[in-house]
Every structure is written in C-alpha cells, then in structure tokens.
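Below, each chain spelled out in residue letters.
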Amino acid sequence: MKYITESLTQSRKPKTLAKSYYDAIFSHPLFMIQILGRMLQHDETGLLSANLPGKFLYDVNLNTGITGYLVEFLKFIIETTSELPIATDGERVIPIENVENNELTTSGYHHEYISSYSKPNFNLLPNKTQNDISEVLMTLDTERVSVSKPMLHSQVGEELKRLRKNYIAHSISPSLLEPMFKNVLPTRNNNSINVVSDIHSLNGKLPFENDNFNILVGDLSDSFVENPSINGLMVIGNHELSDIITLKNNETFLKFQAEFQKEFKKKSSLNYFGVEEIKNLINSYRIQFNEFLNDQDFDSFDEFKELFWFWLLFILPDESWPYLPIGDSSFYEAIKSSISKRFPNMAILNNEALYYHGVRYIGLTNPVSLIKRKLEVQKFMFTSLKNLLGTDYTTPTIIISHAPLF
C-alpha cells in the first residue's frame, strides 16, 4: 500500500484512490503476478525506486508493455517444461527423475509444480493469454511454427511504441523511500544463480549474501562498495562510472561539486542550456577542475581528462549519460580494472564471455540507452556479438548488459 500511495504522488493522482488501485491488483492476474514479483524483489534486494506508477498502478502499467513480456515468459516456461524432463515451482528447477514415480505434488514452498506431467489451471488468466498458451502446447507435438520463434524488435517495436505513447517514467531516489520501510527478512539467500541489479548502495556494502554464482547487472554502488568474497560475474552500469570518477572523501571537492551543480541548476532554469553553454560553464572553473583531476586516483584515466564527457561525468554525472563513449572504448577497460580490485572473485565482463556449468555468459558494456545514437550502439553490439559468438551455435548463451539491448 505504501508503494501505491507513493505511485499516486509521483503521477499526481489523489491518494484517496489507493484502495481502488489496490483492489485492481486482484482483478488482473497478469498484473498480480507482476506485483508479486516486485514485492519479492523488494524483500530480496531492497527498495524499488524507478517508475513506481508503472509497477503498481494498473492503468499506468498498461502503457509500459511489461505484460507482453510476462506472457512470453509464461509461454517459455510451459514450453520448456513440456519438452525437457524438468519441473519448476517458479523458484527451483529439478530433474523429474528425482521425483518418485514421476508424481509431482506441491513443492516445499507450497507452490504448484509445472512439468510435462502436470496440468496447471490457466482459467484465471485472460482469454488471449490462455489461447497463446494453448497454441504453444499444440505446436510441441507438431512442426515448429512462428509461436516458438523469439520476438523480434522489428516486428513488435511499433506495437510497443503505441503502448508507450502515453508512458512517462517516474523515478525517485531510493534514499527518500528508505524511511518508509523496515527490512524484516534475512539478507542471505541460497539461489544457485543470483541475479541482482540497480542496488545503488549508499553504505559501502551489498544488501545481500549469496555464496553461489552471482550475476550483478550494474548500478550496484553509489558508495564505493567492496566485497572480496562474492563470486560470479558483473557488467558495467552507468553508476559504476560515477562511483569511480569522483573524489568521495575529499570535502573540498564535495563542496565545490555542490556549488557547481547549484550554479548549473540556476543557469539552466533561466534559459536554454545546451552543450556549448555547459562547456563554457566548465571552462570558467578550469583551474579547479585541473587541480582535482590531478589526484592520483585518476592516473589510469589520463587520456580522457581533457574530454568533455569525462568532465561532465566528474562534476554532473546525471548530465553526462548521453555523451558517454560507446562500449568498445578503452575507458571501460580502465573502469573494469578499478572494479576488479574491489571484487577480486568476480569476473567483470567488458564485452567478454564466461563459461559456467555449460552455459556461455556474454557481458556487453552498455551502461545507458543512447537513444539518439542508436545506430552507433547497434553497430557496436553487432560487431561484439559476432566476434564473441563465433561459430559456436550450440552452447546455451545468455547475453547480459545493464541497459536494454534494443
């Protein structure tokens, strides 16, 4: 209910609607599945902050396109468990041979297993979703048809555009929501593969413990987080950059940064403030910039110290995202080197591949969505994937990046 109330505030709707929005959750099963997932995410990895209305208000959620992806995931689970000798209760995957007499009842979590032996009741789902699932099941015993093929952005892009026409992303700093919630669950989990992103830790620590294989998908830290024991792989997000290209314990710099950002906000609110105007403002403080950037913490970034985007990242990180270099820049190798010292047991995948238990993981450096440079980004991704995939067409492969790949 707290998330619903905050969502109403962000979308400028009256808080008196909270009860009706709460009731709407239980009238729409696909939305209810999303809400349950969000609350599990809250319990396991911390506060949600990005686009709360899109997550918790049904009418806003309709414009996000998330439901379509959820339906595709349901179809994938049903198809996979129908073809392979496995069962899942939504949290664990087990071989059917481990279940006596192939009789699958409720799991230890009191969830229903889905397998080739079970016949889940999909009657609560919308008719369209039931039809899609039925079509998947019908094609499993016949020739493959288009329903089994992956969704292509070229085919569904226009529909997504239409859905998102009235979509406005509302984000809020996690620190503003933190006082509203109390963490009552243990921070340790035993997930065999533990996937986490967008933590934005402010206390120098990860908010969870897992001794297995962790996949950390960027934006973990705003406080120079270190963890010498965690295992797995990591890709680079935009906040990994701003967490490194700064002087956190330098009070003189922090005071200067606050004053500069105040001056920027004041000037940009009065009239148009484009790239040239920002460059002029930065140049007016060039002496201070040079003094700070001569700090030994930036020795490995010498080749970038005179570049506009680097100065922006240093002093106005939120304004720098559109100007960051494409993911094949040597800048990201320097970032990787810095992160590796804080996470010695993690493989930092900077456009690289890692094999783990027969699965190939490809980590692409795609820190932010560069909408106005889409063609440039797509060329980089095409070249990188072509090189990394090579001629191996059989190994199961998972591609990971912080920002969406399309």
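Residues numbered from 1 in each chain as written. Predicted model: local features only at pLDDT ≥ 70, side-chain atom pairs only at ≥ 80, totals over all residues. Heavy atoms only, no water.

Caption draft 1: Here's a closer look at the overall build of the protein. Along its length, the protein carries 17 helices and nine strands. Each of the 406 residues in the protein was classed as buried or not, and the buried ones make up 42%. Long-range contacts, defined here as pairs at least 24 residues apart, represent 57% of the contacts in the protein between residues at least 6 apart. Surface summary for the protein: the accessible area is close to 23,500 Å², and the carbon and sulfur share equals 54%. (Helix = DSSP H or I, 4+ residues; strand = E, 2+ residues; numbered from the N terminus. Buried < 20%, exposed > 50% of the residue type's maximum accessible area, 1.4 Å probe, protein only. Contact = heavy atoms within 4.5 Å. Areas by Shrake-Rupley, 256 points an atom, 1.4 Å probe, with all protein chains shown as cover.)

Caption draft 2: Representation of helix α11 (residues 251–270) in the model. Taking 1.5 Å of rise per residue, the 20 residues of α11 would be expected to cover 28 Å, and the 29 Å separating its terminal C-alpha atoms lies within 8% of that figure. Buried within α11 are the following residues: F253, F256, Q257, F260 and F264. Seen end-on, α11 carries its buried residues on one side only, within an arc spanning 100°. Turned more than 90 degrees from where α11 packs its buried face, E251, K255, K262, K265, K266, S269 and L270 sit exposed. Each element contacted by the buried residues of α11 is listed here: α12 (275–283), α13 (286–293), α14 (308–315) and α15 (317–320). Backbone nitrogen of T252 and a side-chain oxygen of the N-cap are separated by 3.0 Å at the start of α11; the cap is N250. (Expected span 1.5 Å × (residues − 1). Arc of directions from axis to C-beta. Polar contact = N/O pair within 3.5 Å; in protein donor to acceptor, adjacent residues only side chain to side chain.)

Caption draft 3: Here's a closer look at the packing of aromatic side chains. In this structure the tally under the stated criterion is 26 aromatic pairs. Considering the side-chain rings of F73 and F76, the 6.5 Å spacing of their centres and the 35° angle between planes classify their relative orientation as tilted. Taken together, the positions of F73 and F76, both in helix α6 (residues 66–83) and three residues apart, correspond to about one turn of that helix. We classify F73 as partly exposed; its relative accessible area is 47%. F76 gets classed as partly exposed once you look at its relative accessible area, which sits at 49%. Their ring planes at 65° and their centres at 5.7 Å tell us that F256 and Y285 sit as a pair that is edge-to-face. Of this pair, F256 sits in helix α11 while Y285 sits in the loop between α12 and α13, and the two are 29 residues apart along the sequence. Assessed through its relative accessible area of 8%, F256 is described here as buried. Here the aromatic cluster, defined as three or more aromatic residues joined through ring pairs, consists of F253, F256, F260, Y285, F289, F292, F298, W311 and F314. Here K279 stacks its cationic end above the ring of F308, 5.3 Å away from the centre of that ring. Above the plane of the ring of F224 lies R342, whose end atom (NZ or CZ) is 3.9 Å from the centre. (Phe/Tyr/Trp six-rings, centres within 6.5 Å; stacked < 30°, edge-to-face > 60°. Lys NZ or Arg CZ within 6 Å of the ring centre and 35° of its normal.)

Caption draft 4: Region of the structure containing the sheet that holds strand β3 (residues 193–196). The strand order β3-β4-β5-β6 describes an open sheet built from four strands, whose pairing is parallel. Only two strands of the sheet have a single neighbouring strand rather than two, namely β3 and β6 (346–348). The sheet shows a mean angle of 20° between the axes of neighbouring strands, taken without regard to direction. (Pairing = 2+ DSSP bridges. Axes fitted to C-alpha atoms, helices over the stretch in contact; angles between N-to-C directions.)

Caption draft 5: View of the nonpolar core. By size, the foremost hydrophobic cluster in this structure holds 56 residues, and its most contacted members are I245, F301, F310, F314, F331 and I335. For this core, the elements supplying multiple residues, two or more each, are α10 (238–244), α11, α12, α13, α14, α16 (330–342), β6 and α17 (374–389). No other element matches α14, which puts eight residues into this core. In this structure, F310 is in contact with I245, L293, F301, F304, K305 and F331, ignoring residues within four places of it in sequence. The next biggest cluster of nonpolar side chains, apart from the first, holds 14 residues, and it includes Y21, I25, V60 and L177. (Core = buried A, V, L, I, M, F, W, Y, C linked by side-chain atoms within 4.5 Å.)

Caption draft 6: Structural view of α17. In a regular helix each residue adds 1.5 Å, so 16 residues correspond to 22 Å; α17 covers 22 Å between its end C-alpha atoms and thus fits that length. If you check which residues of α17 are buried, you get V377, F380, M381, S384 and L385. Burial along α17 is one-sided: seen end-on, the buried residues are contained in an arc of 120°. Looking at α17, the residues exposed on the side facing more than 90 degrees away from the buried face are L375, K379, F382, K386 and N387. On its buried face, α17 sits against β8 (359–363) and β9 (397–400). Among the residues trailing α17, G390 stands out with phi positive, at a value near 55°.

The quantities given are spatial measurements derived from coordinates; they are silent on function.
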